[in-house]
Amino acid sequence: MPGIAGLISERAEEALFISMQSSMNHLNYEMDSDINNGVHLSRVHLNFINKAKQPLYSSDSKYSLVFWGEIFSVEDKVEDEIKDSALFFLNLIERHGLEIVSKINGQFSAALHDSQLKTTYLISDRFGTHPLYYTQNNSRLLFASEVKALLKDKITKRIDYQGVAELFSFGHLFGSKTMFEGIFMVAPATILKYSQNKLELIEYWSLSYSEDVYYKQRIRTQESDEIQYTLGQVLIRASKRQSANAEQILVPLSGGLDSRYVAALYHHNGARNLSTFTMGPEESEDQRYGSQVASVLDFPHVKFDIRPENTWEAASKFSYYSDAMSSISAPLQNFEPLGYFSNKKQILAASQMCDALFGSTLWRSRVRTLRNNERPRKNMDDILINLFKIYDQQQIGQLFNREAYQKIEGLYQMEASKYCSSHHHPLHNYYRLLMNEHGRRGTFGGNIVLNLFYETRMLSYDNDVFNFGWQLPIVHREHQYLYRKTFASLFPELGRIKRQGYNLEIGVSKARYELKMIENKMATIAMSTPLKHIVKFYKPWAKITYTDYASWFRNQLRNDLVSFLSKRDLKCRVLLNSDYIDQLLKEHLSGKRNNSSLLWQIINLEYFYQNFLD
């Protein structure tokens, strides 16, 4: 995908450098590069924004820079004159030094080389929105936006077993690790300093903690109205920053609230060169509500009923593009609509994890337990460590052969346990884990497909929007009350269009949402009883989605699945138990059990071996 790459060596290594660039050039991108003695810097890009050739050089030739992403403002000052974010970033560094990075509101990664000090800096934004990986090998620093570029060097490839453990626990990796030992991701809000073959990690910003956020319980009407007004203004200002200079905009529009916010705010700011799309069958809630929103805003709207025919090809591509570090099934459906708009649109506007930041997960029972903070701390920590685990470890113990399982057993807990601070409210620990791991490594991993085709802007990761949500007392987040009421106030006509998953208007009371939660819980219980044959046809719970891998694996993709997993030369069998793979396959095909998610992870591991270890 687009990004940056580089090699800091004592001599020019052109062949390796060209190979690194080429490994990232998936769709005939533009490539800028330069070699200055042993300093190799490159940018692989879409040529939609930041069109000045890179690397850029400061006026005194002290600094050279490659930059991927955008800057929207600095501190509270909106910089209307930002025409090229890379040029602007370099000018900031020249005037203020690296200290200015903590004040930048943007979504980017950068590599800056100081020729006088012979020092290289790898820089991530506050939230790590644009991945940048690095490794040291033979007294050199290599870095790139994709791991595969680093593998072009003669690196000893050793699997990181903690990464494997997390992949088969959470569906994606946590922390800064990759699937390889010795290759790491630059952490959020971090500057990596490389000098004289030594690395130093400098954190320039961190998430704040305030007791009031988690202990304040009362809501006064006047206070609530003031906060609601402030949130509206914060969202409007942030969307103005992100829609400035935007041409040919694309918004994925589901029936939910986050994407509805983006489309409405861009419309409010005067954007008219915007198209929307929704995925799913015609009768799905997403299509019904998404189409209504697009119609009210008068945006061109395209419907995509995702079919299984291209799934296998898309799976193979995504596993390669993502370096096999992310859940393989969730992003696959995006290839069709994103490919359809490719070369017609340039900017993709989204608002990922905003609903979670503003309280969408608070109703879940284990999260409520953390909120109540009434159990012994060890119990709370156990809940937190296992909260995002999607695979049963007893099942994983059967899937891996004995020798391999001994190497990964329990390792999935290590990264999550770092969030278990006894000095903070358990819900604060949860939100840190949610946004930094589930959001950054999970959601951003899926963004790889978006980044292949478009420059991606995320309203939720504007500094002001994130800070507002982070500091908002939990009592205002219950059932996303403030987030929903603000939308209904700003866009009343859109607020009356019901919301996917709830079948309720956006601005309804907390009590209505509580009732819906009770209904959903009753339905969930009923689905595990003989009543399931009746309940499954009841509209509020008969939700039609745009992918049904459980059914597809049993029907349209059955032959492909059997052919792929039944091969005796599967390379991942060096870690896995062949008999248990066969058992999972038989259980799924017979309808006895839905193993589609775990089967996808096995497929992903096999692609990892084929692409990077074969």
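Scroll up to find the structure.
Residues numbered from 1 in each chain as written. Predicted model: local features only at pLDDT ≥ 70, side-chain atom pairs only at ≥ 80, totals over all residues. Heavy atoms only, no water.

Looking at the pattern of salt bridges
Tallied over the full model, the rule gives 25 salt bridges. Ionic pairing is found between E13 and R140, a salt bridge with its closest N-O pair at 3.0 Å. Of this pair, E13 sits in the loop between strand 1 (3–8) and helix 1 (14–23) while R140 sits in the loop between strand 9 (133–136) and strand 10 (141–144), and the two are 127 residues apart along the sequence. Pair check on accessibility: E13 and R140 agree, each one buried. Ionic pairing is found between K303 and E282, a salt bridge with its closest N-O pair at 2.8 Å. Residue K303 is found in strand 16 (residues 301–304), and its partner E282 is found in the loop between strand 15 (274–279) and helix 8 (285–297); the two are separated by 21 residues along the sequence. Residue E282 is classed as exposed on the basis of its relative accessible area of 52%. (Salt bridge = Lys/Arg side-chain N within 4 Å of Asp/Glu carboxyl O. Helix = DSSP H or I, 4+ residues; strand = E, 2+ residues; numbered from the N terminus. Buried < 20%, exposed > 50% of the residue type's maximum accessible area, 1.4 Å probe, protein only.)

Observations concerning the packing of helix 24 (residues 558–565) against helix 26 (residues 596–613)
Here helix 24 crosses helix 26 at 55 degrees, and the two axes come no closer than 11 Å. Taken as axis vectors, helix 24 and helix 26 run oblique relative to one another. Viewed along their axes, helix 24 and helix 26 form a crossing whose handedness is left-handed. Residue-level contacts link L561, F564 and L565 of helix 24 to L599, I602, I603, E606, Y607 and Q610 of helix 26. Partitioning the contact of helix 24 with helix 26 into residue classes produces seven nonpolar, one polar and one charged. (Axes fitted to C-alpha atoms, helices over the stretch in contact; angles between N-to-C directions. Parallel < 35°, antiparallel > 145°, perpendicular 65-115°, else oblique. Left-handed = near helix turned anticlockwise from the far one by under 90°. Contact = heavy atoms within 4.5 Å. Nonpolar A, V, L, I, M, F, W, Y, C, P; charged D, E, K, R; others polar.)

Things to note about the side chain of S360
If you trace the backbone, S360 turns up in the loop between helix 11 (354–357) and helix 12 (365–372). Polar side-chain contacts of S360 include one of 3.3 Å to the backbone nitrogen of A356. Every residue in contact with S360, bar those within four places of it in the chain, is listed here: D355 and Q480. (Polar contact = N/O pair within 3.5 Å; in protein donor to acceptor, adjacent residues only side chain to side chain.)

Some thoughts on the nonpolar core
Nonpolar side chains in soluble globular proteins generally cluster together in the buried interior. One finds F89, F168, L399, F400, Y430, L565 and I602 to be the most contacted residues of the largest nonpolar core, which totals 199 residues. It is helix 17 (residues 426–453) that contributes the most residues to this core, twelve residues altogether. (Core = buried A, V, L, I, M, F, W, Y, C linked by side-chain atoms within 4.5 Å.)

Brief notes about the packing of aromatic side chains
Evaluation of the coordinates by the stated rule reveals 40 aromatic pairs. Judged by centre distance (5.2 Å) and plane angle (65 degrees), the ring pair of Y430 and Y431 falls under edge-to-face. Y431 shares its class with Y430; the two are buried. Seen from their ring centres, Y549 and F553 are 6.5 Å apart, and the 40 degrees between their planes marks the pair as tilted. Here Y549 and its partner F553 are both found in helix 23 (residues 549–554), four residues apart, which amounts to about one turn of the helix. An identical accessibility class is assigned to Y549 and F553; each is buried. An aromatic cluster is defined as three or more aromatic residues linked by ring pairs; in this entry it consists of F180, Y320, Y321, F335, F608, Y609 and F612. (Phe/Tyr/Trp six-rings, centres within 6.5 Å; stacked < 30°, edge-to-face > 60°.)

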